[in-house]
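Summary of the model geometry
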Amino acid sequence: SQAHRDAAFTLNFNLTGDFYEKIFPKMYDLSDKTKFPPIFGSNHAGFLAMGPLKEDWTQPCPWEWTFKERGEKCISFQEAIYGTERLARLEAIKKAVDPQFIFNCANCIGNNLPEASKSPSPPAEPSPPAEPKPLDEPSGASYVSSFTAAIIATTAYLLINAV
């Protein structure tokens, strides 16, 4: 996330009231309530992770709430990872590249948009699979793989017999 790039390292906190009340306001400028900062690293955020309450960023999202309540009243998983501005930019790209929301998954960019819940239109008539074309020349992949395997085997042989 941008937060990690700016800080140059990651710290893991227990995201309780103490974090949001005492540490979070010191880490970020919270004066603009329209721009939530990126605070989670995407590869460290749990599936059910949410940001703080939308109405009060110094209060954590209660775990005892239902998933629906958390979705309505807390900063979303994506917004907590990317921040408000970057998430808006990524959602615009998602809409442009995948307007039918064919590539959609839990917590993916854009999956929380109203359009994502609509099922995509079925494709027209499916086209038959293309016939594979015979290759006039080998791709070279088999040569590279064989050469790499030979180098590894030779190196292993030399290391074993050098002892």
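Structural data are supplied above this passage.
Residues numbered from 1 in each chain as written. Predicted model: local features only at pLDDT ≥ 70, side-chain atom pairs only at ≥ 80, totals over all residues. Heavy atoms only, no water.

The next point concerns a nonpolar patch on the surface. Together, Phe 47, Leu 48, Trp 63 and Phe 67 make up an exposed nonpolar region whose accessible area comes to about 530 Å². For Phe 67, a relative accessible area of 57% corresponds to the exposed category. (Patch = residues over 30% accessible without salt bridge, like charges linked within 9 Å, V, L, I, M, F, W, Y side chains within 5 Å. Areas by Shrake-Rupley, 256 points an atom, 1.4 Å probe, with all protein chains shown as cover. Salt bridge = Lys/Arg side-chain N within 4 Å of Asp/Glu carboxyl O. Buried < 20%, exposed > 50% of the residue type's maximum accessible area, 1.4 Å probe, protein only.)

What follows deals with the environment of Cys 108. Note on placement: Cys 108 falls in the loop between α4 (77–97) and α5 (141–162). What makes Cys 108 partly exposed here is its relative accessible area of 23%. It is 9.4 Å that separates the C-alpha atoms of Cys 108 and Phe 77, two residues lying 31 residues apart in sequence. (Helix = DSSP H or I, 4+ residues; strand = E, 2+ residues; numbered from the N terminus.)

This paragraph deals with the layout of surface pockets. Here the second largest pocket is characterised by a volume of approximately 270 Å³. Lining the second largest pocket are 13 residues, and of these Met 50, Phe 67, Gly 71, Asn 107 and Asn 112 lie nearest its centre. Counting only elements with at least two residues in the lining of the second largest pocket, the list comes to α3 (67–73) and α4. It is α3 that contributes the most residues to the lining of the second largest pocket, three residues altogether. Across the lining of the second largest pocket, the residue classes break down as six nonpolar, six polar and one charged. (1 Å grid on protein atoms, 1.4 Å probe; cavity = no way out; pocket = protein on both sides within 12 Å on 5 of 7 lines; lining within 4 Å. Points joined across faces, edges and corners; volume = space filled by probe spheres on them. Nonpolar A, V, L, I, M, F, W, Y, C, P; charged D, E, K, R; others polar.)

Right, let's get into unusual backbone geometry. Most peptide bonds take the trans configuration, and most residues that are not glycine carry a negative phi. Even without glycine at this site, Phe 101 takes up a positive phi of about 55°. Structurally, Phe 101 can be placed in the loop between α4 and α5. Phe 101 gets classed as buried once you look at its relative accessible area, which sits at 6%.

Evaluated as defined, the whole model comprises two disulfides. Bridging Cys 105 to Cys 108, the disulfide has an S-S length of 1.5 Å. Judged by relative accessible area, Cys 105 falls into the partly exposed class, the value being 37%. When the bonded cysteines of the protein chain are numbered from the N-terminus onward, they pair as 1-2, 3-4. (Disulfide = S-S within 2.5 Å.)

So, about the packing of aromatic side chains. For the structure shown, the criterion picks out six aromatic pairs. Here Tyr 20 and Phe 24 contribute two aromatic rings whose centre-to-centre distance is 5.5 Å and whose plane-to-plane angle is 80°, an arrangement assigned as edge-to-face. Here Tyr 20 pairs with Phe 24, and both are found in helix α2 (residues 17–27), just four residues apart, close to one helical turn. This pair shows no difference in class: Tyr 20 is buried, exactly as Phe 24 is. A ring pair is formed by Phe 24 and Phe 36, whose centres lie 5.7 Å apart and whose planes are at 35°; its orientation type is tilted. Of this pair, Phe 24 sits in helix α2 while Phe 36 sits in the loop between α2 and α3; the two residues are 12 residues apart in sequence, bridging distant segments of the chain. The class of Phe 36 is buried, set by a relative accessible area of 2%. (Phe/Tyr/Trp six-rings, centres within 6.5 Å; stacked < 30°, edge-to-face > 60°.)

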